[in-house]
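So the chains spell out like this:
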Amino acid sequence: MSLRDIIPLYSQNDIDVKMHSSVIHVTVDALNSTFCVQVDNCPQLIYSGYLEVAVVSAWDADDEAEGTNARLTYSIEKNVIDERTGQAIFMVEADTGLVKTAICCLDRETTPEYHIQVVAVDGGGLKGSGTVVVRLADVNDNSPRLTRELWEAEVEETWGAGPPRDDTLLEITTDDRDTSNYFFYRVVEASGWGWDHFNIRTVGTYGELYATRTLDYENPLHRRGFKFMVQVTDRGRGGWDDARHTDTAWVLIRLKDVNDNPPEFRRTTVHITVQEDTAPGTLLASMPAVDPDMEGRQRVEYRVVGGWGALSVEAGGGVRLWRALDREGEGGAEGVARVVGVDEGRPPLSSTATLSITVTDVNDCPPRLLPPTVLHVTEGTSAVRLGVLTATDDDVWEMGHGPPFALALAASNPAHVLDLIALKFDANLDSGRGGAEVWTLGPVDREQHRQLTAEVVVRDAGGLAASHPVTVVVDDVNDNPMRPAAKTVYLWKIQGGGSDASLGRVYVDDPDDWDLHDKSFAWAGSPHPLFSLNTSTGDIYASKLLREGRYELQFGVSDRVWGQQDVSANVTVGVRYLTHEALAHAVPITLTPTTPSALTMGWTPKRGGGGLGTLTQAVTKLLGDPSNSIEIMSVYGHPDTSYASISPVAAHPVHAHNAALPGPYACVWLSVKLSDGGFMDPVKLQGLLSLHLQHLESVMNVRVAVEDAVSIEDQTEGSVAAPTDTTDTQDPSSVASLASTALPLQKNINIEGKLAYKRIE
């Protein structure tokens, strides 16, 4: 398609010659390299030439062969004038219609578009006109300019010692009058301090500055800041070397301190050796830490973990001993403590140093006897060796804090022990560690001494000594005949229902207590229908049908060793009904160390007496009203049947009715009947007793604990024990396996139709 086709010039009646009004769009390279002609929206036609803009052409309907009417001449009717020179910017060749620039160097950034009107005149003077629109095509003829000469930013230092993240620290922008710009940014090499710690990535028309190396505020050089140059290019033909197409500016980066450093210990591992007897408060080691943040001014707090819990750390990092060490304790001789330093940053950071401790031994542990320390001898046996005692020591033997040991009877032993027991020391025993043989010096009578406790002094090579008990149990033989005796049993129960109750064993007066297998038991006369007897053990059982009242029972006891037959043994049973109200207002009191038999010895319901009577009198006195009466609901507990010394009971109150207590104990349930016939509130009674525990303990000479005031009816069983109310001076035994001595008197309680009782054994 040609311009002639698009822009027709024609004559009409051979008279009028007109040029069709058209608009010619021309895009011209502003640097005179190429230009493009557009007619309306037709496809572009590209022409080459120096400052040539376009060729316009017209046609005339007149006959070109005749005359000059069809001969066309082109001119510019409306031109554009250069403001600087006053010259016309465009010109047209009259014969060819070639439009071109009349002056040099058009500037798109000054005038991006020109409109000129071109006229075609034929030989007859007729004319036609058209408009040529000249748009200048942009070329990279302007220099890029960074929008600032100095770029400044304050950024946080890199967290930790690892590589930095590529977060954008600073966004750099550039201005360029050209329309199509393709920028590229870079950090100028060796342009200033810190240039190698940064790089720039180009994103669209701007550059993003980011760190490529760790920025550390704690580094003095980093702390003073970084200053270097950045450069931009619009990718002109000369690239980075073309000064017309590059620009440069300074960048100043200052760092902000963040809490990115934990405290630093000067020594992360410390080992010390201390003596076991080092005094508390002694400085063991100095382990200070410094936090590099805040130019070293940030405070560090300390704590210590481990080290047997025996260490403390000061504000300055000094580790001190705050309690005595024990090399022989659970922690042993080697310990490790961790000293933790925590800064005050947000979030706080911490670090740890290790303190290892070796504790050297001092001779602070006395030697002790090795088992067995409970020995047996049969009563009546002549002088005999009972066993060998050996010793050990928890201290370090290599330091002279152990064997050889020396053993001897303590001079503080009672005279009868020194008369009956001897110790023969032998330095060669136990592989040369030293030991001693335990001997009796003659026969021992169990009826005089059931057991003997001898204190033995053990001394180590360093001279440290301690005294330890050695128990000699005298084993019983049936060497005493029986004598007639009697006992009384009190049975407290709720009326109606229940089950059979144990009343203990038939009682005869016999000092021997290991002779049950030599005895047999029988009714003296007809058996009572409400009671039963075990003829082998002598145990008596009461029927659940018993009513309130007094029952007299007669028995005979035989001993095959002594040939005794039907020795008289009478038992009186007193039965009394309890009310539910009395039970509901009862409070338990636990006493230790004692036993139910010891507590009730000498006590009767009417006269009181014994330890139980002393307790009721003390409680009455505390209440301050003698018209009130103390009613005993139950006594039960556990005797100490071992031959070892009684262990102390824990100072905290214990619930004897639902937990086993170490050593012997007795639990007494009592209520207070007021003068008006009612009962004291159990919570109030418990509070009064708790306030006067120390007084009760001083009166009873045992430890006293007041239990929770729950109803005794909530318990499954309860009983009270007391010795016989006779003139017999022989104490009843509390051992269940005894054959011929009395069990404690027992009060058995029938709770809600179920007979509940507890044998005192």
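Located above this text is the structure these notes cover.
So, a few notes on the structure that sits alongside this text.

Cut-off values and rules
Residues numbered from 1 in each chain as written. Predicted model: local features only at pLDDT ≥ 70, side-chain atom pairs only at ≥ 80, totals over all residues. Heavy atoms only, no water. Helix = DSSP H or I, 4+ residues; strand = E, 2+ residues; numbered from the N terminus. Buried < 20%, exposed > 50% of the residue type's maximum accessible area, 1.4 Å probe, protein only. Contact = heavy atoms within 4.5 Å. Areas by Shrake-Rupley, 256 points an atom, 1.4 Å probe, with all protein chains shown as cover. Core = buried A, V, L, I, M, F, W, Y, C linked by side-chain atoms within 4.5 Å.

Quick word on the overall build of the protein chain
When you go through the protein chain residue by residue, the secondary structure sums to nine helices and 51 strands. By the burial criterion, 47% of the 761 residues in the protein chain qualify as buried. The long-range fraction of contacts in the protein chain, counting pairs at least 24 apart against all pairs at least 6 apart in sequence, stands at 68%. For the protein chain, the exposed surface amounts to about 36,700 Å²; the carbon and sulfur share of it is 50%.

Here we look at the nonpolar core
Residues L591, L599, L612, I632, V668, L685 and L689 are the most contacted members of the largest nonpolar core, which totals 25 residues. Residue assignment for this core shows that the elements contributing at least two residues are β45 (587–592), α7 (610–623), β46 (629–638), β47 (665–673), α8 (682–691), α9 (693–700) and β48 (703–706). Here this core takes five residues from α7, the largest share from any one element. Counting 23 residues, the second-largest nonpolar core is a separate cluster that includes W151, V155, F228 and L255.

Quick look at unusual backbone geometry
Working note: non-glycine residues mostly have negative phi, and peptide bonds are mostly trans. Of the consecutive residues R346 and P347, the connecting peptide bond is found in the cis state with omega at 0°. Residue placement: P347 occurs in the loop between β28 (334–343) and β29 (350–360). Positive phi values are uncommon outside glycine, yet N701 reaches one of about 60°. Tracing the chain through its elements places N701 in the loop between α9 and β48. Residue classification places N701 among the exposed positions, given a relative accessible area of 69%.

Description of the environment of A466
Note on placement: A466 falls in strand β37 (residues 465–475). Classification of A466 by relative accessible area gives buried; the value is 16%. Residues A466 and L407 lie 59 residues apart in sequence; the distance between their C-alpha atoms is 10.0 Å. If sequence neighbours within four positions are ignored, A466 has contacts with P366, P367, V456, V457 and V458.

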